[in-house]
Amino acid sequence: MIRRRNIALVPATVGLVLTALAGVPVSAEAQANQAVTTYTYVPLGWLGVPAGGPHSEATDVNMSRQVVGYSSNDRNPAAHAFFFQDGRLEPVDSIYLPGENTATSINDSGHIAGYTHVSFTDPPHAFIRRDGKTIDLGTGWGSGSGSAAHAINNKGVAVGQRHKSAGNPTRPVMWKDGRIHDLGTLGGVAGQAGMNLGRAYDINDKNQVVGESLPSTGYTLHGFLWENNRMTDLGTLSAGSTKDTVAQAINEKTQITGWSPNAANNATAFLWEAGSMRALGTLPGGTRSYGYDINEPGQVVGISYVSDNPYGQRAFLWQNGQMTDLNTVVTNLPPDVSLSEAYAINDDGVIVGQTCYYCEPGKTADQHAYMLVPNS
(Lines give C-alpha, C1' and ligand atoms only; values in the text may rest on other atoms or scores of the structure.)
Protein backbone atom coordinates (compact mmCIF):
# COMPACT_ATOMS: atom_id res chain seq x y z
CA MET A 1 0.00 0.00 0.00
CA ILE A 2 1.34 3.41 -0.96
CA ARG A 3 1.59 5.90 1.85
CA ARG A 4 0.60 9.41 0.86
CA ARG A 5 1.42 12.54 2.83
CA ASN A 6 0.35 16.14 2.40
CA ILE A 7 3.68 17.93 2.69
CA ALA A 8 4.31 21.65 2.56
CA LEU A 9 6.88 22.73 -0.02
CA VAL A 10 9.34 25.41 0.92
CA PRO A 11 11.52 27.71 -1.02
CA ALA A 12 10.18 30.59 -3.00
CA THR A 13 12.85 29.90 -5.59
CA VAL A 14 10.86 26.89 -6.78
CA GLY A 15 8.30 29.26 -8.24
CA LEU A 16 10.75 31.12 -10.43
CA VAL A 17 9.64 31.42 -14.03
CA LEU A 18 11.72 29.86 -16.75
CA THR A 19 11.92 32.90 -18.99
CA ALA A 20 15.25 34.58 -19.69
CA LEU A 21 16.24 37.69 -17.77
CA ALA A 22 16.37 40.56 -20.25
CA GLY A 23 19.33 42.84 -20.24
CA VAL A 24 21.65 40.69 -18.14
CA PRO A 25 25.18 40.99 -19.54
CA VAL A 26 27.05 37.91 -20.69
CA SER A 27 30.67 37.40 -19.63
CA ALA A 28 33.45 38.21 -22.09
CA GLU A 29 34.34 34.51 -22.22
CA ALA A 30 30.75 33.64 -23.14
CA GLN A 31 30.72 36.30 -25.87
CA ALA A 32 33.95 34.93 -27.27
CA ASN A 33 32.62 31.40 -27.33
CA GLN A 34 30.36 31.67 -30.38
CA ALA A 35 29.95 27.88 -30.72
CA VAL A 36 28.01 27.54 -27.47
CA THR A 37 24.62 29.08 -26.77
CA THR A 38 23.90 30.96 -23.56
CA TYR A 39 21.55 29.73 -20.84
CA THR A 40 19.15 30.96 -18.21
CA TYR A 41 19.72 29.47 -14.76
CA VAL A 42 16.68 28.12 -12.89
CA PRO A 43 17.19 26.94 -9.29
CA LEU A 44 14.80 24.09 -8.53
CA GLY A 45 14.96 24.40 -4.75
CA TRP A 46 14.42 21.47 -2.38
CA LEU A 47 11.63 19.70 -0.55
CA GLY A 48 10.52 21.15 2.77
CA VAL A 49 9.95 17.80 4.47
CA PRO A 50 11.70 15.97 7.32
CA ALA A 51 13.68 13.92 4.79
CA GLY A 52 14.39 16.79 2.42
CA GLY A 53 16.35 20.05 2.08
CA PRO A 54 18.46 22.05 2.00
CA HIS A 55 20.32 19.76 -0.45
CA SER A 56 18.93 18.53 -3.75
CA GLU A 57 20.15 17.01 -7.00
CA ALA A 58 18.48 16.80 -10.43
CA THR A 59 19.14 13.53 -12.24
CA ASP A 60 17.06 13.68 -15.44
CA VAL A 61 14.89 15.91 -17.65
CA ASN A 62 12.44 15.00 -20.43
CA MET A 63 11.22 16.90 -23.49
CA SER A 64 8.45 18.60 -21.46
CA ARG A 65 11.08 19.99 -19.04
CA GLN A 66 9.81 17.71 -16.30
CA VAL A 67 12.69 17.02 -13.92
CA VAL A 68 13.33 14.31 -11.35
CA GLY A 69 15.92 13.94 -8.64
CA TYR A 70 16.14 13.79 -4.88
CA SER A 71 16.42 15.99 -1.82
CA SER A 72 18.08 15.42 1.56
CA ASN A 73 19.54 17.28 4.52
CA ASP A 74 22.44 17.07 6.96
CA ARG A 75 20.29 15.97 9.87
CA ASN A 76 18.55 13.23 7.91
CA PRO A 77 20.61 12.10 4.89
CA ALA A 78 17.85 9.77 3.63
CA ALA A 79 16.91 10.80 0.09
CA HIS A 80 13.42 11.83 -0.92
CA ALA A 81 12.62 11.70 -4.63
CA PHE A 82 11.13 14.78 -6.28
CA PHE A 83 9.27 15.71 -9.46
CA PHE A 84 9.52 19.23 -10.88
CA GLN A 85 7.13 20.74 -13.43
CA ASP A 86 6.05 24.29 -14.29
CA GLY A 87 7.85 25.88 -11.36
CA ARG A 88 6.62 23.45 -8.71
CA LEU A 89 8.62 20.81 -6.84
CA GLU A 90 6.68 17.84 -5.46
CA PRO A 91 7.68 14.68 -3.56
CA VAL A 92 7.43 11.28 -5.26
CA ASP A 93 5.73 8.67 -3.09
CA SER A 94 7.90 5.92 -1.68
CA ILE A 95 6.52 2.41 -1.21
CA TYR A 96 7.36 1.89 2.46
CA LEU A 97 9.38 4.45 4.39
CA PRO A 98 8.35 8.05 3.65
CA GLY A 99 11.29 10.02 2.37
CA GLU A 100 13.58 7.12 1.53
CA ASN A 101 13.53 6.85 -2.23
CA THR A 102 15.49 8.20 -5.19
CA ALA A 103 14.28 9.14 -8.68
CA THR A 104 16.88 8.51 -11.38
CA SER A 105 15.08 8.82 -14.73
CA ILE A 106 11.95 10.19 -16.42
CA ASN A 107 10.68 9.43 -19.93
CA ASP A 108 8.68 11.69 -22.25
CA SER A 109 5.40 10.26 -20.91
CA GLY A 110 6.33 11.38 -17.41
CA HIS A 111 6.98 7.85 -16.12
CA ILE A 112 9.61 7.87 -13.38
CA ALA A 113 12.14 5.18 -12.45
CA GLY A 114 14.36 4.83 -9.41
CA TYR A 115 14.63 2.83 -6.22
CA THR A 116 12.73 2.81 -2.93
CA HIS A 117 12.53 1.01 0.40
CA VAL A 118 9.81 -1.66 0.40
CA SER A 119 10.06 -2.98 3.97
CA PHE A 120 11.87 -2.41 7.25
CA THR A 121 14.40 -5.18 6.61
CA ASP A 122 14.93 -5.58 2.85
CA PRO A 123 17.25 -3.46 0.70
CA PRO A 124 15.61 -0.95 -1.66
CA HIS A 125 13.84 -2.20 -4.79
CA ALA A 126 13.60 -0.69 -8.25
CA PHE A 127 10.36 1.14 -8.97
CA ILE A 128 8.42 2.76 -11.79
CA ARG A 129 5.88 5.47 -11.08
CA ARG A 130 3.16 5.92 -13.70
CA ASP A 131 -0.50 6.97 -13.68
CA GLY A 132 -0.18 8.09 -10.08
CA LYS A 133 1.06 4.74 -8.79
CA THR A 134 4.50 3.65 -7.55
CA ILE A 135 5.15 0.06 -8.68
CA ASP A 136 7.72 -2.25 -7.09
CA LEU A 137 9.65 -3.87 -9.95
CA GLY A 138 11.06 -6.50 -7.62
CA THR A 139 14.27 -8.46 -7.87
CA GLY A 140 13.27 -11.88 -9.14
CA TRP A 141 14.70 -13.30 -5.92
CA GLY A 142 13.43 -13.70 -2.37
CA SER A 143 13.65 -11.82 0.89
CA GLY A 144 16.88 -9.92 1.44
CA SER A 145 17.45 -9.17 -2.24
CA GLY A 146 17.64 -5.67 -3.68
CA SER A 147 17.48 -3.80 -6.98
CA ALA A 148 17.67 -0.31 -8.48
CA ALA A 149 16.42 1.17 -11.76
CA HIS A 150 18.75 3.71 -13.37
CA ALA A 151 16.85 4.52 -16.58
CA ILE A 152 13.49 4.13 -18.34
CA ASN A 153 12.91 4.60 -22.06
CA ASN A 154 9.82 5.88 -23.90
CA LYS A 155 8.49 2.31 -24.24
CA GLY A 156 8.43 1.93 -20.46
CA VAL A 157 11.38 -0.50 -20.39
CA ALA A 158 13.67 0.03 -17.40
CA VAL A 159 17.24 -1.07 -16.71
CA GLY A 160 19.43 -1.19 -13.64
CA GLN A 161 20.88 -3.77 -11.30
CA ARG A 162 19.96 -6.39 -8.70
CA HIS A 163 21.67 -8.49 -6.03
CA LYS A 164 20.54 -11.59 -4.14
CA SER A 165 21.51 -10.42 -0.65
CA ALA A 166 24.06 -8.40 1.26
CA GLY A 167 27.47 -9.67 0.21
CA ASN A 168 26.34 -10.84 -3.23
CA PRO A 169 27.51 -9.03 -6.38
CA THR A 170 25.26 -6.79 -8.45
CA ARG A 171 24.16 -7.89 -11.93
CA PRO A 172 22.79 -5.76 -14.82
CA VAL A 173 19.09 -6.33 -15.55
CA MET A 174 16.16 -5.13 -17.65
CA TRP A 175 12.51 -4.92 -16.61
CA LYS A 176 10.33 -5.51 -19.68
CA ASP A 177 6.78 -6.81 -20.18
CA GLY A 178 6.43 -7.64 -16.51
CA ARG A 179 9.58 -9.78 -16.41
CA ILE A 180 13.16 -9.35 -15.20
CA HIS A 181 15.83 -10.14 -17.77
CA ASP A 182 19.40 -10.74 -16.62
CA LEU A 183 21.74 -9.15 -19.18
CA GLY A 184 24.72 -11.33 -18.30
CA THR A 185 28.32 -10.15 -18.05
CA LEU A 186 31.37 -9.66 -20.26
CA GLY A 187 32.57 -13.04 -19.07
CA GLY A 188 33.33 -12.22 -15.45
CA VAL A 189 32.14 -14.45 -12.64
CA ALA A 190 31.49 -13.97 -8.94
CA GLY A 191 34.57 -13.70 -6.76
CA GLN A 192 36.81 -11.99 -9.32
CA ALA A 193 36.21 -8.37 -8.34
CA GLY A 194 34.31 -7.87 -5.13
CA MET A 195 30.66 -6.87 -5.22
CA ASN A 196 30.07 -5.77 -8.81
CA LEU A 197 29.54 -8.02 -11.81
CA GLY A 198 27.80 -5.24 -13.63
CA ARG A 199 25.20 -2.47 -13.72
CA ALA A 200 23.03 -1.12 -16.54
CA TYR A 201 22.86 2.68 -16.60
CA ASP A 202 20.87 3.68 -19.70
CA ILE A 203 18.55 2.39 -22.43
CA ASN A 204 17.36 4.01 -25.67
CA ASP A 205 14.11 3.41 -27.53
CA LYS A 206 15.73 0.64 -29.59
CA ASN A 207 16.28 -1.21 -26.30
CA GLN A 208 20.03 -0.87 -26.62
CA VAL A 209 21.53 -0.84 -23.13
CA VAL A 210 24.82 0.50 -21.78
CA GLY A 211 26.58 0.09 -18.47
CA GLU A 212 29.61 -1.53 -16.86
CA SER A 213 30.49 -5.21 -16.50
CA LEU A 214 33.30 -7.48 -15.39
CA PRO A 215 35.25 -9.09 -18.27
CA SER A 216 36.61 -12.64 -18.18
CA THR A 217 40.04 -11.28 -17.29
CA GLY A 218 38.64 -9.94 -14.01
CA TYR A 219 39.25 -6.49 -12.58
CA THR A 220 38.83 -3.80 -13.99
CA LEU A 221 35.24 -3.21 -15.15
CA HIS A 222 34.60 -2.35 -18.80
CA GLY A 223 31.81 -0.40 -20.45
CA PHE A 224 29.35 -2.46 -22.48
CA LEU A 225 26.71 -2.15 -25.18
CA TRP A 226 23.94 -4.75 -24.95
CA GLU A 227 21.72 -5.39 -27.99
CA ASN A 228 20.01 -8.42 -29.53
CA ASN A 229 20.73 -10.43 -26.37
CA ARG A 230 24.46 -9.90 -26.75
CA MET A 231 26.87 -7.81 -24.66
CA THR A 232 29.79 -6.11 -26.43
CA ASP A 233 32.90 -4.77 -24.68
CA LEU A 234 33.45 -1.11 -25.64
CA GLY A 235 37.13 -1.26 -24.76
CA THR A 236 39.10 1.46 -23.00
CA LEU A 237 40.99 4.62 -23.87
CA SER A 238 44.23 3.04 -22.66
CA ALA A 239 45.09 -0.65 -22.42
CA GLY A 240 46.52 -1.88 -19.15
CA SER A 241 44.89 0.81 -17.03
CA THR A 242 43.88 0.10 -13.44
CA LYS A 243 40.61 2.05 -13.34
CA ASP A 244 37.13 1.15 -14.53
CA THR A 245 35.56 2.16 -17.82
CA VAL A 246 31.88 3.12 -17.49
CA ALA A 247 29.33 3.53 -20.30
CA GLN A 248 26.82 5.95 -18.80
CA ALA A 249 24.43 7.06 -21.56
CA ILE A 250 23.30 6.24 -25.11
CA ASN A 251 21.22 8.05 -27.74
CA GLU A 252 19.20 6.69 -30.68
CA LYS A 253 22.23 6.96 -33.00
CA THR A 254 24.09 4.49 -30.76
CA GLN A 255 26.46 7.22 -29.65
CA ILE A 256 27.63 6.48 -26.12
CA THR A 257 29.30 8.56 -23.45
CA GLY A 258 30.88 7.76 -20.11
CA TRP A 259 34.44 7.75 -18.84
CA SER A 260 37.58 5.65 -19.19
CA PRO A 261 41.16 5.94 -17.93
CA ASN A 262 43.62 7.56 -20.32
CA ALA A 263 47.34 6.83 -20.67
CA ALA A 264 47.99 8.69 -17.42
CA ASN A 265 45.35 6.50 -15.71
CA ASN A 266 43.02 9.48 -15.19
CA ALA A 267 39.30 9.15 -15.82
CA THR A 268 38.38 10.95 -19.05
CA ALA A 269 35.00 11.53 -20.68
CA PHE A 270 34.58 9.70 -23.97
CA LEU A 271 32.36 9.49 -27.01
CA TRP A 272 31.95 6.01 -28.52
CA GLU A 273 30.44 5.50 -31.95
CA ALA A 274 30.81 3.02 -34.79
CA GLY A 275 33.18 0.87 -32.77
CA SER A 276 35.60 3.65 -31.85
CA MET A 277 36.17 5.45 -28.53
CA ARG A 278 37.56 8.99 -28.48
CA ALA A 279 38.56 11.08 -25.47
CA LEU A 280 36.71 14.37 -24.98
CA GLY A 281 39.45 15.89 -22.86
CA THR A 282 39.05 18.16 -19.85
CA LEU A 283 38.53 21.82 -19.06
CA PRO A 284 41.78 23.84 -18.89
CA GLY A 285 43.89 23.01 -15.85
CA GLY A 286 42.22 19.70 -15.09
CA THR A 287 43.20 16.06 -15.40
CA ARG A 288 39.81 14.30 -15.03
CA SER A 289 36.38 14.39 -16.67
CA TYR A 290 33.21 12.28 -16.67
CA GLY A 291 30.52 12.10 -19.37
CA TYR A 292 27.03 11.62 -17.92
CA ASP A 293 24.54 12.12 -20.75
CA ILE A 294 24.25 12.56 -24.50
CA ASN A 295 21.29 13.81 -26.53
CA GLU A 296 20.27 13.25 -30.15
CA PRO A 297 22.29 16.19 -31.53
CA GLY A 298 25.34 14.58 -29.90
CA GLN A 299 25.86 17.12 -27.11
CA VAL A 300 27.51 15.63 -24.02
CA VAL A 301 27.24 16.94 -20.46
CA GLY A 302 29.14 15.92 -17.38
CA ILE A 303 31.82 16.89 -14.89
CA SER A 304 35.35 18.13 -15.43
CA TYR A 305 37.99 19.26 -12.95
CA VAL A 306 39.87 22.52 -13.45
CA SER A 307 42.23 21.52 -10.64
CA ASP A 308 42.84 18.45 -8.50
CA ASN A 309 41.57 19.97 -5.25
CA PRO A 310 38.01 19.19 -4.02
CA TYR A 311 36.78 22.61 -5.18
CA GLY A 312 37.85 22.23 -8.80
CA GLN A 313 34.73 20.49 -10.13
CA ARG A 314 32.74 22.12 -12.96
CA ALA A 315 29.71 21.19 -15.05
CA PHE A 316 30.56 21.02 -18.75
CA LEU A 317 28.93 20.90 -22.16
CA TRP A 318 30.81 19.26 -25.03
CA GLN A 319 29.80 19.79 -28.65
CA ASN A 320 31.51 20.11 -32.00
CA GLY A 321 34.83 19.04 -30.52
CA GLN A 322 34.83 21.70 -27.80
CA MET A 323 34.31 21.42 -24.01
CA THR A 324 32.81 24.47 -22.28
CA ASP A 325 32.49 25.30 -18.59
CA LEU A 326 28.76 25.90 -18.18
CA ASN A 327 29.44 28.51 -15.50
CA THR A 328 30.79 30.78 -18.25
CA VAL A 329 27.71 30.75 -20.50
CA VAL A 330 24.86 31.42 -18.04
CA THR A 331 23.44 34.94 -18.27
CA ASN A 332 21.99 35.16 -14.75
CA LEU A 333 24.14 32.92 -12.55
CA PRO A 334 24.23 34.37 -8.99
CA PRO A 335 27.74 35.23 -7.80
CA ASP A 336 27.50 32.80 -4.84
CA VAL A 337 26.60 29.79 -7.04
CA SER A 338 28.88 27.37 -8.88
CA LEU A 339 27.53 24.71 -11.27
CA SER A 340 29.56 21.64 -10.36
CA GLU A 341 27.71 18.76 -12.02
CA ALA A 342 25.62 18.35 -15.19
CA TYR A 343 23.79 15.03 -15.19
CA ALA A 344 21.30 15.14 -18.06
CA ILE A 345 20.45 16.99 -21.27
CA ASN A 346 17.31 16.66 -23.39
CA ASP A 347 17.13 16.95 -27.17
CA ASP A 348 16.31 20.69 -26.93
CA GLY A 349 19.52 21.25 -24.98
CA VAL A 350 17.90 21.78 -21.56
CA ILE A 351 20.41 20.70 -18.89
CA VAL A 352 19.94 19.67 -15.25
CA GLY A 353 22.36 18.92 -12.45
CA GLN A 354 23.48 20.29 -9.10
CA THR A 355 25.44 23.20 -7.72
CA CYS A 356 28.60 22.72 -5.70
CA TYR A 357 28.72 20.92 -2.36
CA TYR A 358 32.42 21.53 -1.75
CA CYS A 359 32.77 25.08 -2.98
CA GLU A 360 35.60 27.49 -3.57
CA PRO A 361 35.67 30.71 -1.51
CA GLY A 362 32.74 33.00 -2.24
CA LYS A 363 30.41 30.26 -3.48
CA THR A 364 28.28 30.13 -0.35
CA ALA A 365 24.84 29.14 -1.67
CA ASP A 366 23.34 25.85 -0.46
CA GLN A 367 23.89 22.88 -2.77
CA HIS A 368 20.74 22.35 -4.84
CA ALA A 369 19.29 21.12 -8.13
CA TYR A 370 19.21 23.42 -11.14
CA MET A 371 17.95 23.64 -14.71
CA LEU A 372 19.63 25.52 -17.57
CA VAL A 373 17.33 26.66 -20.36
CA PRO A 374 18.95 27.65 -23.68
CA ASN A 375 18.40 31.27 -24.68
CA SER A 376 16.88 31.43 -28.14
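An account of the accompanying structure is given in this report.

### A closer look at the pairing of strand β19 (residues 256-261)
Okay, so step 1: Counting buried positions over the six residues of β19 gives six, a clear majority of the element.
Okay, so step 2: In β19, alternate side chains face the same way, and those of I256, G258 and S260 on one face and T257, W259 and P261 on the other are all buried.
Okay, so step 3: As paired elements, strand β18 (residues 246-250) and β19 share four bridges and run antiparallel to each other. Across the sheet, V246 pairs through a bridge with W259, a residue of β19.
Okay, so step 4: By the bridge criterion, six bridges tie β19 to strand β20 (residues 267-273) in an arrangement that is antiparallel. Bridge assignment links S260 to a residue of β20, and that residue is T268.
Okay, so step 5: Counting the residues that bridge the hairpin from β19 to β20 gives five residues, and of these N265 lies at a positive phi of roughly 70 degrees.

### Thoughts on the nonpolar core
Okay, so step 1: Membership of the largest hydrophobic core comes to 17 residues, with the highest contact counts inside it found for Y39, Y41, L326, L339, I351 and L372.
Okay, so step 2: Secondary structure elements with two or more residues in this core: β1 (39-45), β24 (313-319), β26 (339-345) and β28 (369-374).
Okay, so step 3: When residues in this core are grouped by element, the largest group, three residues, is from β26.
Okay, so step 4: The residues touching L372, leaving out its near neighbours within four places in the chain, are Y39, T40, Y41, L326, V330, L339, G349, V350 and I351.
Okay, so step 5: Ranked by size, the runner-up nonpolar core spans 15 residues in total, among them V67, F84, V350 and V373.

### Regarding the sheet that holds strand β15 (residues 209-213)
Okay, so step 1: Spatially, β14-β15-β16-β17 is the arrangement adopted by the four strands of the open sheet, whose pairing is antiparallel. The open sheet is flanked by β14 (198-203) and β17 (230-233), the only strands paired with a single partner. With direction set aside, neighbouring strand axes in the sheet form an average angle of 30 degrees.
Okay, so step 2: Two elements, β14 and β15, share five bridges in a ladder whose sense is antiparallel. Looking at the pairing, A200 lines up with G211 of β15.

### Notes on the packing of aromatic side chains
The geometry of an aromatic ring pair is captured by the separation of the ring centres together with the interplanar angle, meaning the angle of the planes.
Okay, so step 1: Using the criterion set out here, one finds four aromatic pairs in the structure.
Okay, so step 2: Taken together, a centroid distance of 5.2 Å and an interplanar angle of 75 degrees make the contact between W259 and Y290 edge-to-face. Note that W259 is positioned in strand β19 and Y290 in strand β22 (residues 289-294), a separation of 31 residues in sequence.
Okay, so step 3: Judged by centre distance (5.0 Å) and plane angle (85 degrees), the rings of Y357 and Y358 are edge-to-face.
Okay, so step 4: Taking the relative accessible area as the measure of exposure, Y358 reaches 56% and is therefore exposed.
Okay, so step 5: Taken together, the ring pairs connect W259, Y290, Y292 and Y343 into an aromatic cluster.
Okay, so step 6: Above the plane of the ring of W141 lies R162, whose end atom (NZ or CZ) is 3.9 Å from the centre.

### Section: the state of the cysteines
Okay, so step 1: In the structure shown here, the tally under the stated rule is one disulfide.
Okay, so step 2: Sulfur-sulfur distance for the disulfide between C356 and C359 comes to 1.8 Å. Its S-S torsion of about 100 degrees marks the bond between C356 and C359 as right-handed, since a negative value means left-handed.
Okay, so step 3: Classification of C356 as buried rests on a relative accessible area of 5%.

Rules used in this analysis
- Position numbers for residues count from 1 along each chain, tracking the sequence in the order it is written.
- Per-residue local features of the predicted model are confined to residues with pLDDT of at least 70, and side-chain atom pairs are confined, for both listing and counting, to 80 or more; whole-chain, interface and lining totals are unaffected and use all residues.
- Side-chain figures throughout are based on the complete set of non-hydrogen atoms in the structure, without hydrogens or water.
- When a residue's accessible area, from a 1.4 Å probe over protein chains only, is under 20% of the maximum for its type it is buried; when over 50% it is exposed; and in between it is partly exposed.
- The numbering of helices and of strands both runs from the N terminus, where a helix is a DSSP run of H or I of at least 4 residues and a strand a run of E of at least 2.
- The criterion for strand pairing is that DSSP finds at least two bridges linking the strands in question.
- In this description, a nonpolar core means a group of buried Ala, Val, Leu, Ile, Met, Phe, Trp, Tyr and Cys residues linked to one another through side-chain atoms lying within 4.5 Å.
- Two residues form a contact once any of their heavy atoms are found within 4.5 Å.
- Helix axes are fitted to C-alpha atoms over the stretch in contact, other axes to C-alpha atoms as well, and angles between N-to-C directions run from 0 to 180 degrees.
- Centres within 6.5 Å are what make two rings of Phe, Tyr or Trp a pair, Trp counting through its six-membered ring; a difference in plane orientation under 30 degrees is then read as stacked, over 60 as edge-to-face, and the rest as tilted.
- The criterion for a charge sitting over a ring is simple: Lys NZ or Arg CZ within 6 Å of the ring centre, and within 35 degrees of the ring normal.
- Disulfide assignment relies on a single distance test, namely cysteine sulfur atoms paired within 2.5 Å.

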